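# Inside the fold
Listed here are the chains, written in short residue letters.
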Amino acid sequence: HSVGLIGAPFSKGQRRDGVEKGPDLIRSAGLVEKLRAQGCAVKDYGNMTFEEVANDEPVGNVKRPRAVGSANQRLSAAVHAVKNDGHTCVMLGGDHSLAIGSIQGHAAAKKDLSVVWVDAHADINTPLTSLTGNIHGQPMSYLIHELHSKIPVLPNFSWIKPCVSAKDIVYIGLRDVDPEEHHILTLLGIKGYSMTEVDRLGIAKVMEETCDYIFSKVKKPIHLSYDIDALDPSISPATGTPVVGGLTYREGVYITEHICQTGMLSAVDMVEVNPKRGRTEDEISSTVNAAVDLICGCFGKRREGNHSADYKMP
Ligand SMILES: N[C@@H](CC/C=C/[B-](O)(O)O)C(=O)O
Ligand SMILES: [Mn+2]
Ligand SMILES: [Mn+2]
Ligand SMILES: [Mn+2]
């Protein structure tokens, strides 16, 4: 595996400070060294810088649109470049509004994508359905062809072109979906495995069905957008919007192991790690270590163990 790593220390898609510290926390937990130790080539492109936007007044109830639009335009270019360099892109957030730029940039390099969205939330509110105005609850609405007519003009958002079809999306881990979002998911017929389906089917069947579904016609490159709050807060409490009844650590890792073995993973987002939401160092490290382990699972780490192809027994 060849990995291109981008840090996106950005927090303005939501209200809580601290999530911009995610990239460096995940690096300091040894992500790059661990990926290299398991045989990956890793190029770390460093952390992005984002322009300060003054007087970023809400538009309707959409908060910080200019900062979010500008940051995602830069991220889109960065992800596009990483893909053009031939890597699987790993984007470390930062809040989930960054999926706008990550998926847009990925689609610029690989036009036909499937999206696996692992999250307690659907993040598919439009600017007009959002109850909070926080853009980290809206990213998918800007990206989906079938919702384009429902998106109003927003400053610094005109560069965004819908790039994903509803039929190419699968959600896993849902358990806190707004009524307006549930209507959109139903209307568009978007495939979703909520925690109810995870309980009913088991994670192995969920992943088998997910891959059958996204590969049903053409085998499209996978964009895996992983919100750490998909995991149960007992594992990952240090996040902005924790929701009880989440994925176990084992289920979370199984998802990444299964996606890895498809050989179709093309980009990963790992977002919403927020150290300020951890009440103890242990809560922060549990959250950060889970994020690292999930990414390592995406790139070949196996719980059965691994050994390099060229290993020679002494
Ligand atoms: N549906 C809520 C929650 C959003 C959660 C966003 B997250 O999944 O990125 O944490 C909203 O629209 O504000
Ligand atoms: Mn999210
Ligand atoms: Mn979430
Ligand atoms: Mn979150």
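Going by the structure above, here's the rest.
Note that the coordinates shown come from a computational prediction; the quantities given were computed from them, not determined experimentally. (Residues numbered from 1 in each chain as written. Chains lettered and ligands numbered in written order. Predicted model: local features only at pLDDT ≥ 70, side-chain atom pairs only at ≥ 80, totals over all residues. Heavy atoms only, no water.)

## As for the site of ligand 1
- Taken together, 14 residues sit near ligand 1, with Asp-123, Thr-132, Asp-178, Asp-227 and Thr-241 positioned nearest.
- Here Thr-132 contributes a side-chain N or O atom positioned 2.7 Å from an oxygen atom of ligand 1.
- In this structure, Thr-241 approaches ligand 1 through a side-chain N or O atom, which is 2.9 Å from an oxygen atom.
- Coverage of ligand 1 by the protein amounts to 93% of the 370 Å² it exposes when considered alone.
- Residues that form the shell around ligand 1 fall into these classes: no nonpolar, 7 polar and 7 charged. (Near = heavy atom within 4 Å. Polar contact = N/O pair within 3.5 Å; in protein donor to acceptor, adjacent residues only side chain to side chain. Areas by Shrake-Rupley, 256 points an atom, 1.4 Å probe, with all protein chains shown as cover. Nonpolar A, V, L, I, M, F, W, Y, C, P; charged D, E, K, R; others polar.)

## Overview of unusual backbone geometry
- In the segment running from Gly-93 into Gly-94, the intervening peptide bond is cis, with an omega of 5 degrees.
- Along the polypeptide, Gly-94 turns up in the loop between β3 (88-92) and α4 (99-109).
- Here Asp-123, not a glycine, exhibits a phi torsion of approximately 50 degrees, which is positive.
- Phi angles above zero are rare outside glycine, and Glu-272 is one such case at about 80 degrees.
- By the secondary structure assignment, Glu-272 is in the loop between β8 (265-271) and α10 (281-298). (Helix = DSSP H or I, 4+ residues; strand = E, 2+ residues; numbered from the N terminus.)

## Re the coordination of the manganese ion (ligand 4)
- Taken together, the protein donors to the manganese ion (ligand 4) comprise Asp-229 (OD) and Thr-241 (OG1), at separations of 2.4 to 2.8 Å.
- Taken as a pair, the manganese ion (ligand 4) and the manganese ion (ligand 2) lie 4.7 Å from each other. Placement of the pair is Asp-229 in the loop between β7 (222-227) and α9 (249-262) and Thr-241 in the loop between β7 and α9, with a sequence separation of 12 residues.
- For Thr-241, a relative accessible area of 26% puts it in the partly exposed group. (Donors = N, O, S within 2.8 Å, 3.2 Å for Na, K, Ca; no water. Buried < 20%, exposed > 50% of the residue type's maximum accessible area, 1.4 Å probe, protein only.)

## What about the coordination of the manganese ion (ligand 2)?
- Protein-derived coordination of the manganese ion (ligand 2) comes from His-96 (ND1), Asp-119 (OD), Asp-123 (OD) and Asp-227 (OD), at a distance range of 2.1 to 2.2 Å.
- The coordination sphere of the manganese ion (ligand 2) comprises 6 donor atoms, whose angles at the metal cover 61 to 174 degrees; the geometry is irregular.
- Each donor residue of the manganese ion (ligand 2) belongs to the same chain, and together they define the spacing H-x22-D-x3-D-x103-D.
- Separating the manganese ion (ligand 2) from the manganese ion (ligand 3) is a distance of 3.3 Å, and Asp-119 supplies a donor atom to each of them. Here His-96 is found in the loop between β3 and α4, whereas its partner Asp-123 is found in the loop between β4 (114-118) and α5 (139-143), with 27 residues between them in sequence. (Tetrahedral: all angles 85-135°; square planar, octahedral: opposite > 155°, others 65-115°.)

## Description of the pairing of β4
- With 5 of its 5 residues buried, β4 lies for the most part within the structure.
- Burial along β4 is two-sided: Ser-114, Val-116 and Val-118 facing one way and Val-115 and Trp-117 facing the other are all buried.
- Looking at chain direction, β4 and β7 are connected through 5 bridges and run parallel. Paired with Val-118 across the bridge in β7 is Tyr-226.
- Pairing analysis gives 4 bridges linking β4 to strand β5 (residues 169-174), with the strands arranged parallel. From the neighbouring strand, Val-118 faces β5, where its bridge partner is Ile-172. (Pairing = 2+ DSSP bridges.)

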